[in-house]
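Structural features, examined
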Amino acid sequence: NLIGENRKIIFQFLLAILFITLGAWFIKHEQTELGEVRQVLLSSKWQYLALGMLVTCIYLVLQGIMYKMAFAAVGKNIPLSVTTLLFLKRNLISIFIPAGGVTSLAFFTGEIEKTGLSKSKIHFASSIYGFVGILTVVLVAVPAVIFAFIEGKSRSGELFGLAVMAMLIITLAFLYHSLIRKKHVYALILKFFPSSEVYLEDIISHKLNIKYLGLTILVSLLIDISCIFMVFTALKCLGYPASVLIAMLGYLISVLSLFISPFMRGLGAVEVSMAFILIRL
């Protein structure tokens with residue numbers, strides 16, 4: 001246990017050094033860009049800038065609430081302060097690690113474990129959080145992309161991205177169903193990882209609270225709406241023509257690009273895709 005704790009401390013130290021190094025490199029490398037950003041902010045409409053900051057704060061609280069509801073769905077009440085901090089930590093690290101949006105869900109479980117929750121339940125709740133996040137984006141994207149396609153503001157690429165996300169949801173649902181029924185997926189995992197049987201049994205024994213699962217979905221929808229409003233506010237802040245449809249497509253296309261190429265997070269792919277769609281619109 002002592003060795004494990006030391007490894008954890010060393011890993012966190014190395015991670016901190018990595019973040020500080022990357023931060024210093026970014027500031028040095030992007031001095032010109034940062035100067036331009038400062039000028040843009042100074043010339044922007046402060047009312048919308050303040051509104052955007054307020055929406056961002058609401059967004060962060062909603063993320064904490066979503067995590068809280070996901071943990072409540074597996075039967076554990078976690079303080080909002082802990083779940084909000086968990087989101088902030090995972091969101092930061094997801095920028096620097098491959099497929100960060102998914103792999104970051106395995107990090108920073110220490111604070112949650114102190115509440116008496118097992119690691120399997122923590123990962124199960126985190127999986128619910130991740131799955132619901134994908135689900136609600138698709139629920140919002142389907143009518144938006146179809147309407148935009150009819151209006152001529154969307155192309156086949158957006159429909160393809162939406163289809164990929166829909167297939168991902170169906171695949172994850174199928175895998176989970178097969179696992180809890182102890183069918184093909186369960187047998188396949190045991191074949192290659194026999195020692196995981198106890199862990200799998202722990203996951204299967206978890207009973208989902210449908211009420212809190214529904215609340216998780218509701219909060220996730222509110223998060224998507226707040227993100228769309230952020231894009232709308234940013235456009236208004238800079239004096240660009242803005243509409244709810246344009247803001248919605250800007251947000252949704254960036255999220256679709258993230259799911260299609262998850263390894264590109266932090267390398268500018270999401271920002272480029274959003275800029276591209278906004279310029280085109």
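Look above for the structure.
Overview of the overall build of the protein chain
Secondary structure assignment for the protein chain yields 13 helices and 0 strands. Traced from its N-terminal end to its C-terminal end, the protein chain shows the element sequence α-α-α-α-α-α-α-α-α-α-α-α-α. For the protein chain, the proportion of its 281 residues judged to be buried stands at 35%. Carbon and sulfur atoms form 72% of the exposed surface of the protein chain, whose accessible area is close to 16500 Å².

Thoughts on the packing of aromatic side chains
Taken as a whole, this structure holds 4 aromatic pairs when the rule is applied. Pairing F229 with F232 gives two aromatic rings, centres 6.2 Å apart and planes at 20°, and the pair type is stacked. Here the residue F229 and the residue F232 both occupy positions in helix α11 (residues 210–237), the gap between them amounting to 3 residues, near one helical turn. Classification of F232 as partly exposed rests on a relative accessible area of 21%. Through a chain of ring-to-ring contacts, three or more aromatic side chains come together here, namely Y67, F71 and Y129.

So, the side chain of K68
Position of K68 among the secondary structure elements: in helix α3 (residues 46–73). A distance of 2.7 Å separates a polar side-chain atom of K68 from the backbone oxygen of I78. Those residues within four positions of K68 in sequence are excluded, and the remaining contacts are N77, I78, P79, L80 and T83.

Observations concerning the packing of helix α7 (residues 119–150) against α11
Two elements in contact, α7 and α11, have axes separated by 9 Å at closest approach and are oriented at 55°. One way to sum up the angle between α7 and α11 is to call them oblique. As α7 runs across α11, the sense of the crossing is right-handed. Contacts from I128, V132, G133, L135, T136, V137 and V140 in α7 reach L213, T216, I217, S220, L221, D224 and I228 in α11.

Overview of α11
Between the first and last C-alpha of α11 there are 40 Å, a value that for 28 residues agrees with the 40 Å anticipated at 1.5 Å per step. Of the residues making up α11, those classed as buried are T216, V219, S220, I223, D224, S226, C227, I228, V231, T233, L235 and C237. Structurally, the start of α11 carries an N-cap: the backbone nitrogen of K211 is 3.0 Å from a side-chain oxygen of N209. A positive phi of about 80° marks G239, the residue just after α11.

Things to note about the nonpolar core
Core analysis: the largest hydrophobic core is formed by 47 residues, its most contacted members being F71, I112, Y251 and L252. Among the elements that make up this core, the one with the highest residue count is α7 (13 residues). Setting aside residues up to four positions removed in sequence, I112 forms contacts with F71, I78, V82, L86, L117 and I122. One finds Y186, L190, L200 and I204 within the second-largest nonpolar core, a separate group that totals 5 residues.

Structural notes on helix α9 (residues 184–192)
The set of residues buried in α9 consists of V185, Y186 and L190. End-on view of α9: buried residues confined to an arc of 130°, all on one side of the axis. Relative to its buried face, α9 has exposed residues pointing more than 90 degrees away, namely H184, K191 and F192.

Considering a nonpolar patch on the surface
Taken together, the side chains of V142, I146, F149, I150 and L159 define a hydrophobic patch exposed on the protein surface, amounting to about 430 Å² of accessible area. The element best represented in the nonpolar patch is α7, accounting for 4 residues. Overall, the relative accessible area of 65% leaves I150 in the exposed class.

Thoughts on the environment of L168
Examined against the element boundaries, L168 turns out to sit in helix α8 (residues 156–180). Between the alpha carbons of L168 and F131 there is a distance of 9.5 Å; along the sequence they are 37 residues apart.

Looking at the packing of α3 against helix α4 (residues 80–93)
It is at 8 Å that the axes of α3 and α4 come closest, and there the two elements cross at 110°. Of the possible angle classes, the one that applies to α3 and α4 is roughly perpendicular. Crossing hand, α3 versus α4: right-handed. The residues of α4 that touch α3, namely those facing Y59, L60, V61, Q63, G64, I65, Y67, K68 and F71, are L80, T83, T84, L86, F87, L88 and R90. Of the residues that constitute the contact of α3 with α4, the class distribution is 10 nonpolar, 4 polar and 2 charged.

Here is what the cut-offs are and how they apply
Residues numbered from 1 in each chain as written. Predicted model: local features only at pLDDT ≥ 70, side-chain atom pairs only at ≥ 80, totals over all residues. Heavy atoms only, no water. Helix = DSSP H or I, 4+ residues; strand = E, 2+ residues; numbered from the N terminus. Buried < 20%, exposed > 50% of the residue type's maximum accessible area, 1.4 Å probe, protein only. Areas by Shrake-Rupley, 256 points an atom, 1.4 Å probe, with all protein chains shown as cover. Phe/Tyr/Trp six-rings, centres within 6.5 Å; stacked < 30°, edge-to-face > 60°. Polar contact = N/O pair within 3.5 Å; in protein donor to acceptor, adjacent residues only side chain to side chain. Contact = heavy atoms within 4.5 Å. Axes fitted to C-alpha atoms, helices over the stretch in contact; angles between N-to-C directions. Parallel < 35°, antiparallel > 145°, perpendicular 65-115°, else oblique. Left-handed = near helix turned anticlockwise from the far one by under 90°. Expected span 1.5 Å × (residues − 1). Core = buried A, V, L, I, M, F, W, Y, C linked by side-chain atoms within 4.5 Å. Arc of directions from axis to C-beta. Patch = residues over 30% accessible without salt bridge, like charges linked within 9 Å, V, L, I, M, F, W, Y side chains within 5 Å. Salt bridge = Lys/Arg side-chain N within 4 Å of Asp/Glu carboxyl O. Nonpolar A, V, L, I, M, F, W, Y, C, P; charged D, E, K, R; others polar.

All we've got here are geometric facts, nothing functional implied.
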